[in-house]
Amino acid sequence: MEQVSIDRLTRFYYYKFKEGYTFEGHTHSAWEINLITAGKMSVTYGGDVMTLSEGDFFVGEPWGFHCNRAVGKDAEMAVIHFEDTDAPLGTSKGYSVRSLTQDEFSVARLMLAELLRRRYDDGALSDYTREEYTNAKKLCEVLVSRVMGASKIELENSSPKVRLYRQTVEFMEKHIGEKLTIDMISKNLHISPAYLKGIFLEFTGGGVMSYFTQMKIRLAKKMLERGKSVSIVSDTLGFSSQCYFSTVFGKVVGDTPKNYQKCHSRKE
């Protein structure tokens, strides 16, 4: 694949987890890398669930819902955020993931050596020297270029819970313009609301309706980018009013729908 050019690295974190620790699912405006350096992590991205082991490299596009959970003792993971790239992700799933080769993992360790020279609680890279930052960025570009477009990690699909989680996400996608409730969703899947809540807590670290709201807002952003009016987006996605839609959008995105559209509008 053609070499990816990253505009800039924005955040770096290195975590050590106890078994069962879960990040609450979220979205953000940056691309995100998850590199497993020890143990195993369960990664949820949209409706997909996968278990990543040492040497597995995950790249998720901006605004994709994701959640991480440690499934083994002494799990360790590096997280890197970066902005913009001159190459598309190359998959409709919104992410790429595969196991690094031995040589690639060596490159990853060199990258981490540069990034681990300085660590700050907020993950900012502003205090790195130009050499440290440049070296880490170049090594990151090499790894992202190798992994983008790949999808060589098997998804979990045998667990009844995973199947129910995926079915729930698919049901939400089909009814994204409606005003669903937990009772409506659980009834459709023939399970109790409590059981459905437990499944989402396990795979997303959050609630069912919170996930549905984020799903609506992701689609709202795409519609706004394509020039749809705020009122049409609000009506299409089943919000009770344009004012309420703007409030929810602001909480999730950190901007008003109109200003977001002004800054991100694009031609078809």
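About the cut-offs
- Residues numbered from 1 in each chain as written.
- Predicted model: local features only at pLDDT ≥ 70, side-chain atom pairs only at ≥ 80, totals over all residues.
- Heavy atoms only, no water.
- Salt bridge = Lys/Arg side-chain N within 4 Å of Asp/Glu carboxyl O.
- Helix = DSSP H or I, 4+ residues; strand = E, 2+ residues; numbered from the N terminus.
- Buried < 20%, exposed > 50% of the residue type's maximum accessible area, 1.4 Å probe, protein only.
- Contact = heavy atoms within 4.5 Å.
- pLDDT = per-residue confidence, 0-100.
- Axes fitted to C-alpha atoms, helices over the stretch in contact; angles between N-to-C directions.
- Parallel < 35°, antiparallel > 145°, perpendicular 65-115°, else oblique.
- Nonpolar A, V, L, I, M, F, W, Y, C, P; charged D, E, K, R; others polar.
- Pairing = 2+ DSSP bridges.
- Phe/Tyr/Trp six-rings, centres within 6.5 Å; stacked < 30°, edge-to-face > 60°.
- Lys NZ or Arg CZ within 6 Å of the ring centre and 35° of its normal.
- Expected span 1.5 Å × (residues − 1).

Caption draft 1: Fine view of the pattern of salt bridges. Tallied over the full model, the rule gives 9 salt bridges. Notably, a salt bridge pairs Arg8 with Glu83, separated by 3.1 Å at the nearest N-O pair. Separated by 75 residues along the polypeptide, Arg8 in strand E1 (residues 6–17) and Glu83 in strand E7 (residues 75–85) bring together distant segments of the chain. Judged by relative accessible area, which is 40%, Arg8 ranks as partly exposed. One salt bridge connects Arg98 with Glu104, and the closest N-O pair in it is separated by 2.8 Å. As far as burial versus exposure is concerned, Arg98 and Glu104 are alike and both buried.

Caption draft 2: Expanded view of the environment of Gly25. Following the sequence through the fold, Gly25 ends up in the loop between E1 and strand E2 (31–38). A C-alpha to C-alpha distance of 9.7 Å links Gly25 and Phe200, two positions 175 residues apart in sequence. When neighbours within four sequence positions are excluded, Gly25 is seen to be in contact with Phe65, His66, Cys67, Thr204, Gly205 and Gln214.

Caption draft 3: Fine view of the confidence of the model for the chain. With 92% of its residues at a pLDDT of at least 70, the chain reaches an overall mean of 89. Element-level pLDDT for the chain is lowest in E7, with a mean of 89, against a maximum mean of 96 in helix H7 (residues 230–236).

Caption draft 4: Expanded view of the packing of helix H4 (residues 182–189) against helix H5 (residues 193–204). The geometry of H4 relative to H5 is characterised by a closest axis approach of 9 Å and an angle of 95° between their N-to-C directions. When the axes of H4 and H5 are compared, the pair comes out roughly perpendicular. Between H4, through Ile182, Asp183, Ile185, Ser186 and Leu189, and H5, the contact on the second element is made entirely by Pro193, Leu196 and Lys197. Grouping the constituent residues of the contact of H4 with H5 by class yields 5 nonpolar, 1 polar and 2 charged.

Caption draft 5: Summary view of the sheet that holds strand E4 (residues 48–53). The strand order E4-E3-E6 describes an open sheet built from 3 strands, whose pairing is antiparallel. Single-partner strands in this sheet number two, and they are E4 and strand E6 (66–70). Within the sheet, the average angular offset between the axes of one strand and its neighbour, ignoring direction, is 20°. Bridging between strand E3 (residues 40–45) and E6 involves 5 bridges; their strand directions are antiparallel. Across the sheet, residue Tyr45 finds its bridge partner in E6, namely His66.

Caption draft 6: Summary view of the packing of aromatic side chains. Counted under the stated rule, the structure contains 19 aromatic pairs. Aromatic pair Phe249 and Tyr260: ring centres 5.7 Å apart, planes at 70°, arrangement edge-to-face. Here the residue Phe249 occupies a position in helix H8 (residues 242–253), and Tyr260 occupies one in helix H9 (residues 257–264), the gap between them amounting to 11 residues. Accessibility classification places Phe249 together with Tyr260 in one group, the buried group. Ring-pair connections join several aromatic residues into one group, and the members of that group are Tyr13, Tyr15, Phe17, Tyr21 and Phe23. Its guanidinium or amino end placed over the ring of Phe239, Lys216 lies 5.7 Å from that ring's centre, counting from NZ or CZ. The ring of Tyr211 carries Arg218 above its face, with NZ or CZ at 5.8 Å from the centroid.

Caption draft 7: Quick look at unusual backbone geometry. Even without glycine at this site, Trp63 takes up a positive phi of about 65°. Tracing the backbone shows Trp63 in the loop between strand E5 (56–60) and E6. In this structure Trp63 comes out as buried when scored by relative accessible area, which is 17%.

Caption draft 8: Quick look at helix H2 (residues 130–147). Its 18 residues give H2 an end-to-end C-alpha distance of 26 Å, which sits within 8% of 26 Å, the value for a rise of 1.5 Å per residue. Among the residues of H2, those classed as buried are Glu132, Ala136, Lys137, Cys140, Glu141, Leu143, Val144, Ser145 and Val147.

Caption draft 9: Just helix H3 (residues 160–174), in detail. Over its 15 residues, H3 extends 21 Å from the first C-alpha to the last, a length consistent with the 21 Å expected when each residue adds 1.5 Å. Every buried residue of H3 is accounted for by Val162, Leu164, Tyr165, Arg166, Thr168, Val169, Phe171 and Met172.

Caption draft 10: Layout of the pairing of E2. For E2, the tally of buried residues reaches 8 of 8 residues, placing the bulk of the element in the interior. The pairing of E2 with E5 spans 4 bridges and is classified as antiparallel. Residue pairing in the sheet places Glu32 in a bridge with Gly60 of E5.

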